[in-house]
Amino acid sequence: VLPDGSELMVAVGRRPFSLWVLPLPAGTPRRIPGEVTGASFLPGSSQTIYVQPSDFLHVFASDVDGGNAHPLLQLPRDPVTVNSAISPDGRFIRYFTADGKVWESRIDGTQKRLLTQEFRETYCTDWGAGNKLFLLTSPKEGLFNVWAISESAWLRGREPQPVQLTFGPVSFEC
């Protein structure tokens, strides 16, 4: 949802997705051109950020109508960019590489730093609890569970200890 509550972005189909923007509370949906593997609104703006299936090494930004598209950030080789998350203030991006590491950088790609090496696969990442926790789902023994990582540990410059919040037998997948 855009910060002003005027529009909702919806992914349709299986990966890669087509993106639609729905005016709220009612209106004619608009399709954003192309297909993406992950997308969201950039906080504090009326732009979308996304990854195209043809180029997993860049995060792109465009206006909500798909115009003014441009590369925003270059990622390292073999990223798992469909599992990235933008900070609530829109200044940082976190992404997960194929070797299980969690990285953070400014949205322009500067100030890159390693956050943790704990996870092999990650999905559904987001900030929670007043932006004091970073939440993600990760599979273990065939089930997806929710994990929380304290923001305060990262702010103090040390590698945090992830805490598992759910323990099957239900798989928490999005």
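For the structure itself, look to the data block above.
In this text the structure is predicted, and so the values were computed from the model without any measurement.

Enquirer: I keep staring at the overall build of the protein and nothing clicks. Help me out?
Expert: Counting its regular elements, the protein contains one helix and 15 strands. The burial tally for the protein puts 40% of its 174 residues in the buried class. Long-range contacts, defined as pairs at least 24 residues apart, comprise 25% of the intrachain contacts of the protein with a sequence gap of at least 6. As displayed, the protein has an accessible area near 9,500 Å², and 53% of this comes from carbon and sulfur atoms.

Enquirer: I would appreciate a short explanation of the pairing of strand 4 (residues 38-41) in the present structure.
Expert: Sheet faces and side chains relate simply in a regular strand, where the side chains alternate between the two faces. Pairing of strand 4 with strand 5 (residues 47-52) involves four bridges; the strand directions are antiparallel. Bridge assignment links F41 to a residue of strand 5, and that residue is T48. Hairpin remark: strand 4 followed by strand 5, antiparallel, with five residues in the connecting loop; positive phi at G44, about 80°.

Enquirer: Please clarify how the pattern of salt bridges should be interpreted in this entry.
Expert: Where side chains of opposite charge bring their charged atoms close, a pairing between them can arise. What the rule picks out here adds up to four salt bridges. Here R91 makes a salt bridge to D89, at a shortest N to O gap of 3.5 Å. Classification of R91 as partly exposed rests on a relative accessible area of 41%. Look at the salt bridges and you will find they share partners, linking R94, E104 and R113 into a network.

Enquirer: Sorry if this is basic, but what is going on with the side chain of T166 here?
Expert: With respect to the helices, strands and loops of the structure, T166 is situated in the segment after strand 15 (163-164). Polar side-chain contacts of T166 include one of 2.8 Å to the backbone nitrogen of V146. Excluding its chain neighbours within four sequence positions, the residues that come into contact with T166 are N145, V146 and F172.

Enquirer: It is not clear to me how unusual backbone geometry should be interpreted in this structure. Could you clarify?
Expert: The phi angle of most residues is negative, glycine excepted, and most peptide bonds adopt the trans form. The omega torsion across L24 and P25 is 5°, close enough to zero to call that bond cis. Backbone geometry at N68 places phi at a positive 55°, although glycine is not the residue there. Within the secondary structure layout, N68 lies in the loop between strand 6 (55-63) and strand 7 (70-74). The backbone phi angle of Q111 is positive, close to 55°, even though this residue is not glycine. Its place among the elements puts Q111 in the loop between strand 10 (102-106) and strand 11 (113-116).

Cut-offs and rules
Residues numbered from 1 in each chain as written. Predicted model: local features only at pLDDT ≥ 70, side-chain atom pairs only at ≥ 80, totals over all residues. Heavy atoms only, no water. Helix = DSSP H or I, 4+ residues; strand = E, 2+ residues; numbered from the N terminus. Buried < 20%, exposed > 50% of the residue type's maximum accessible area, 1.4 Å probe, protein only. Contact = heavy atoms within 4.5 Å. Areas by Shrake-Rupley, 256 points an atom, 1.4 Å probe, with all protein chains shown as cover. Pairing = 2+ DSSP bridges. Salt bridge = Lys/Arg side-chain N within 4 Å of Asp/Glu carboxyl O. Polar contact = N/O pair within 3.5 Å; in protein donor to acceptor, adjacent residues only side chain to side chain.

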